[in-house]
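Notes for the structure review
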Amino acid sequence: MHIDQIVKEKVVEAIGSLYGQTVDTSAVQIQNTRKDVEGDMTVVVFPFLRFSKKAPEQTGEELGKYLTDNVDLVENFSVIKGFLNLMIAQNYWLSVLESAATDDTFGFAQPQKDSPLVMVEYSSPNTNKPLHLGHIRNNLLGYSIGEIIKANGNKLVKTNIVNDRGIHICKSMYAWQQWGEGKTPQSTGIKGDHLVGDFYVLFDKHYKQEINELVEQGMSKEDAEQKAPSIVAARDMLRKWEAKDPEVIELWQTMNQWVYAGFDLTYKELGVDFDKIYHESDTYLVGKDEVFRGLKEGVFYQREDQSVWADLTKDGLDEKILLRSDGTSVYMTQDIGTAKLRFDDYKIDKMIYVVGNEQNYHFQVLSVLLDKLGYDWGKGLHHFSYGMVELPHGKMKSREGTVVDADDLMAEMIEVARKTSEELGKLEGYTDEELNRTYKIIALGALKYFMLKVDPKKNMLFNPEESIDFNGNTGPFIQYTHARIRSVIRKATKKGIQLSFDLDSTLNLSEKEQELIKSLSLYPTVVKEAGDIYSPALIANYIYSLVKEFNQFYHDHTILGEENESVRNFRLVLSQTIADVVKSGMGLLGIEVPERM
RNA sequence: GCCUCGGUAGCUCAGUUGGAUAGAGCAACUGCCUUCUAAGCAGUAGGUCAUGGGUUCGAAUCCCGUCCGGGGUACCA
C-alpha cells in the first residue's frame, strides 16, 4: 500500500481515538512538504479543528504524537501553523526502491480477461492534402492516450477514419485532370500526399481567378462562387462519384492510393499506427441507412425540400441537418455510420474520439443522435477535445501558405539534431545507421515532448524558429539524462560491478536520495491519474521533475567513485531505476530514449 | 446576439479534491568541466495570478459582474 494511504487511515484512526469522531479517509489532505521544511509528507490539520475544538498547533501536536506512537513508519514530526510534517523511516524508502527496481512493470496495471475494451479514434485526415502541424498534435495525443489507456490495464483498439470522399478530393481530382499533364508521384518524385495537395492548391488558384473574372463581368460575388466553372465541374465530379461513374472512380482510387502511400510514410516517421482503418466511402451509406431508419421511427423529420433534420431543441441543442435536400450525406451522417460499423466490429466498452475542440458541438450532437437511434453507448462516448496549434501570426491557413507541413518539420528537426550532435561529438564509434537512428530519436523526442507537455485542452503556440529547443524543459534534456545514466551503468558493468537489489538497510541516505525515491514512488499514481483525466501532459511534467532532480543528485554525488560498496550499489540501483522509469514514462508519450547522445 | 473555452514573469508553460512565502524553461546577467556525458549544475533579476466584488480559518483555484481573446452557432469537414 502506498504510504499516503497508510497515513490517511492512521489519521482517521487518530481522529477516532483522540476526539471520538468518525471521518472518511477522503477528508484527510496530504501534500508534499515544503522544500524549506523538514519532513517527507504533510498532513493539513485545519479540517480537523471542528473535531478537536483546539488550536491548529495543538491539534497538530496531538495528531503527530499519535502517529509517531502508533505507526512504525512515522519516525518524527513537526508542526508549523496548521501543518503537520511527518518524517518517514528511511527503511521504508529503501523498500520502495527495492520493489520499484525489481518490478518490470512498475507503475502499470496489467490487463485482465474482463478488462474494458477502449477504442481510440485519432488522426482522421482528409485525402486532399498532406498532414500538417495540427495533425501532428492530434496523432501524438491519440497515440499517447492509447499507451496510457493500456498502462491502466485496459485493452485498446486504435482506429483511424479516413475522409476519402467528398468535394475536397474532387477538387484535387479535377485540377489534376485539367492541368496535371499526367503527373504521378513516380514521374515527379513528389510524395503522393504532397502531389495531391499541390493540385488542391492549384484548384483554389484557378477557382479564385474565375470568381474574379466573373465579378468583373458584373456578377455578384455570391453567384460567382457558385457558378465558377471549376466548382461546377468539381460538384459534377462528386455526383458522378456517387453514381459510381467508372472513370471518376478510377481516378479517385488512383489519387487516394498516392495519398495513402504518403500518409503511411508520415505515420511511420511519426511512430504512430492503427489497428483498424475505416474509410468514409465505406461508412457514409451505412450512415444514410441509419438516418432513414430514424426517419421511419419518427426520431427525425423531413422538410418539404426533402432534407432530413433532427430536432434537438428539447435536449438544449439546435436543429441539425442529417441529409441534404439532394439526398447527399453530411459529416454527421458519416459519423453515425462509422460509429455503427465500429460497434458491429468490436465489443467496445468505451469510445474515445481525439478531435479538436472546434468540434465540441458536433460531438455533443453525435452523442444525442446515437442515443436517439437506440444505441446505449451513444451517451457514453468521450470526445477527447484538444486545443488548436497556433503560429506566431495566428492560425494556419493553407491558402496563405502558413501551414507547417508535418514531413518538412520532422526533416528539419532531424537536421538540427544531427548538427547539434555533431558539434557535441559524443557519438564516436557509431555506425551511420546508429547515428541516423539517434538523430531521429532526439528530433522526434523534441517535437513530441514539446507538443505533449502542455495541457491537451489548451491552445498552444508553436514558433518554428524558437519552439524547438534541446535544452531545459525539453525531450532531449530528458533523453540526455537517460543516456547519462546508461553510460554510468555501462561503465559499472565494464568494471565487473554487479547490481544487488538487496539494499543495505543501515545506509544513511542524503536528502536528495530520499527525495528521488519519493518521486519514484509517485509514478504509479501519476500513470493512474493520467489515465483518469486523459493527460499525457501529466506524465511529461512528472518525468521532467524526476529528471531535474536526478541531475541535481548526479551533480552532487559520485556514483562509481564512491568507495563504500553498499552506498555505490544503492546509487547504481537508484540511477538504474530512474532510467527505467524515464524510459517507461517517455514510452507512454511515444518517445524513445537513446543509450548515448 | 446566443453557447462555450480561456487570460499566471518579456516569451512558452506548470500549479493536485481550495492550503504554508505562486513554480519551471526560454531570453538577460554571473559562476562551475584534469574527476561517472556541461544537451548538465548553481546563482541574480523578473508577478496587482486580466479586473471588481463575494464565499471562509484560508482563493491563482469556488460563485457573480466587467474587460480582452479563441472556438462554435452552415444543405463545410
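Criteria and cut-off values
- Residues numbered from 1 in each chain as written.
- Chains lettered and ligands numbered in written order.
- Predicted model: local features only at pLDDT ≥ 70, side-chain atom pairs only at ≥ 80, totals over all residues.
- Heavy atoms only, no water.
- Helix = DSSP H or I, 4+ residues; strand = E, 2+ residues; numbered from the N terminus.
- Buried < 20%, exposed > 50% of the residue type's maximum accessible area, 1.4 Å probe, protein only.
- Polar contact = N/O pair within 3.5 Å; in protein donor to acceptor, adjacent residues only side chain to side chain.
- Contact = heavy atoms within 4.5 Å.
- 1 Å grid on protein atoms, 1.4 Å probe; cavity = no way out; pocket = protein on both sides within 12 Å on 5 of 7 lines; lining within 4 Å.
- Points joined across faces, edges and corners; volume = space filled by probe spheres on them.
- Near = heavy atom within 4 Å.
- Domains from an automatic or database assignment.
- Buried area = accessible area lost by both parts, 1.4 Å probe.
- Salt bridge = Lys/Arg side-chain N within 4 Å of Asp/Glu carboxyl O.
- Core = buried A, V, L, I, M, F, W, Y, C linked by side-chain atoms within 4.5 Å.
- Phe/Tyr/Trp six-rings, centres within 6.5 Å; stacked < 30°, edge-to-face > 60°.
- Expected span 1.5 Å × (residues − 1).
- Pairing = 2+ DSSP bridges.
- Axes fitted to C-alpha atoms, helices over the stretch in contact; angles between N-to-C directions.

1. Overview of the side chain of aspartate 407
Looking at the element boundaries, aspartate 407 is found in helix H15 (residues 406–424). For aspartate 407, a relative accessible area of 17% translates into the label buried. Looking at aspartate 407, its side chain comes within polar contact range of the side chain of threonine 266, at 2.8 Å. Leave out the neighbours within four places in its chain, and aspartate 407 touches Lys191, Asp193, His194 and Thr266.

2. Here we look at the layout of surface pockets
By volume, the second largest pocket is sized at about 1,200 Å³. Around the second largest pocket sit 38 residues that line it, and Asn32, Thr33, Asp40, Glu515 and Lys518 are the ones nearest its centre. Those elements giving two or more residues to the lining of the second largest pocket turn out to be helix H1 (3–19), strand S1 (30–31), strand S4 (83–88), helix H4 (90–102), helix H18 (511–521), helix H19 (523–533) and helix H20 (536–556). Take the lining of the second largest pocket: its biggest share by element is seven residues, from H18.

3. Concerning the protein's contact with RNA strand B
Taken together, 66 residues form the shell around RNA strand B, and within it Asn163, Asp305, Lys426, Arg484 and His557 come nearest. A share of 60% is what sugar and phosphate atoms reach among the atoms of RNA strand B within 4 Å of the protein. Here a phosphate oxygen of RNA strand B sits 2.6 Å away from a polar atom, N or O, in the main chain of leucine 461. Taking tyrosine 544, its side chain carries an N or O atom lying 2.8 Å from a sugar or linking oxygen of RNA strand B.

4. Some words on the domain arrangement of chain A
For chain A, the domain assignment lists domain 1 (3–88), domain 2 (166–272) and domain 3 (406–588). Summarising the inter-unit geometry, the C-alpha centres of domain 2 and domain 3 are found 45 Å apart. Across the boundary between the two partners, domain 2 contributes seven residues, which contact seven residues of domain 3. With both sides pooled, the region where domain 2 packs onto domain 3 buries about 560 Å², and carbon together with sulfur makes up 54% of that total. Summed over the three residues of domain 2 that lose the most area to domain 3, namely Thr266, Glu269 and Leu270, the buried surface amounts to 79% of that side. Between domain 2 and domain 3 we count two salt bridges in total. Lysine 440 is paired through a salt bridge with glutamate 269; the nearest N and O atoms lie 3.2 Å apart. Taken together, the links from domain 2 to domain 3 amount to five residue pairs in polar contact (both at pLDDT 80 or more). Elements with a contribution of two residues or more to the side of domain 2 that touches domain 3: helix H8 (192–216) and helix H11 (246–270).

5. Brief notes about unusual backbone geometry
One non-glycine residue with positive phi stands out, namely lysine 53, at about 55°. With respect to the secondary-structure elements, lysine 53 resides in the loop between helix H2 (49–52) and helix H3 (56–70). The backbone of tyrosine 534 shows a phi angle near 50°, a positive value even though the residue is not glycine. Along the chain, the position of tyrosine 534 falls in the loop between H19 and H20. For tyrosine 534, a relative accessible area of 15% corresponds to the buried category.

6. Side note on the pattern of salt bridges
Under the definition given, this model contains 31 salt bridges. Here arginine 418 ties to glutamate 415 by a salt bridge, and the two come within 2.3 Å at their closest N and O atoms. Remark: glutamate 415 and arginine 418 occur in helix H15; sequence separation between them is three residues, near one turn of the helix. Under the relative-accessibility criterion, arginine 418 is labelled partly exposed at 25%. Taking the relative accessible area as the measure of exposure, glutamate 415 reaches 31% and is therefore partly exposed. As a salt-bridge pair, lysine 457 and aspartate 455 come within 3.9 Å of each other at their nearest N and O atoms. By relative accessible area, which is 28% here, aspartate 455 ends up partly exposed.

7. Thoughts on the nonpolar core
Ranked by size, the top nonpolar core spans 155 residues in total, and within it Leu86 and Leu133 carry the most contacts. Once you skip the residues sitting within four places of it in the chain, leucine 86 turns out to touch Val7, Gly39, Asp40, Met41, Val43, Leu67, Val74, Asn76 and Phe77. If you look at the next biggest cluster of nonpolar residues, it comprises 30 residues, including Leu317, Met351, Val355 and Leu373.

8. What about the packing of aromatic side chains?
Here the structure, examined in full by the defined rule, presents 20 aromatic pairs. Residues tryptophan 176 and tryptophan 258 carry aromatic rings whose centres are separated by 5.9 Å and whose planes lie at 70° to one another, so their mutual orientation is edge-to-face. Separated by 82 residues along the polypeptide, tryptophan 176 in helix H6 (residues 167–179) and tryptophan 258 in helix H11 bring together distant segments of the chain. Note on tryptophan 258: relative accessible area 11%, which makes it buried. Note on tryptophan 241 and tyrosine 284: the rings are 5.8 Å apart at their centroids and 40° apart in plane angle, and the pair reads as tilted. Highlighted residues: tryptophan 241 in helix H10 (residues 229–242) and tyrosine 284 in helix H12 (residues 280–296), separated in sequence by 43 residues. Neither tryptophan 241 nor tyrosine 284 differs from the other in exposure class; each is buried.

9. Notes on H4
Between its first and last C-alpha atoms H4 spans 19 Å; for 13 residues at 1.5 Å apiece the expected length is 18 Å, and the two agree. When we look at burial in H4, the residues that qualify are Gln90, Tyr92, Trp93, Leu94, Val96, Leu97, Ala100 and Ala101. In this structure, the buried side of H4 is in contact with H1, S4, H18 and helix H21 (565–588).

10. Here's the deal with the sheet that holds strand S9 (residues 308–311)
Backbone hydrogen bonds are what pair the strands of a sheet, in a parallel or an antiparallel way. If you trace the three strands from one edge of the open sheet to the other, you get S8-S9-S10, paired in antiparallel fashion. Of all the strands in the sheet, the pair left with one neighbour each is strand S8 (301–302) and strand S10 (319–323). Here four bridges tie S9 to S10, and the two strands are oriented antiparallel to one another. Note on S10: the bridge partner recorded for alanine 310 is lysine 320.

11. Some details on the sheet that holds strand S5 (residues 117–121)
Spatially, the five strands line up as an open sheet ordered S7-S6-S5-S11-S12, and their pairing is parallel. At either margin of the open sheet sits one strand with a lone partner, and together these are strand S7 (276–279) and strand S12 (382–386). On average, adjacent strands in this sheet sit at an angle of 25° to one another, irrespective of strand direction. Here five bridges tie strand S11 (residues 350–356) to S12, and the two strands are oriented parallel to one another. Pairing of glycine 356 across the sheet is with tyrosine 386, part of S12. Each of S5, strand S6 (155–162), S7 and S11 is contacted by helix H13 (residues 331–345), which is oriented at about 145° to S7, the strand it contacts most.

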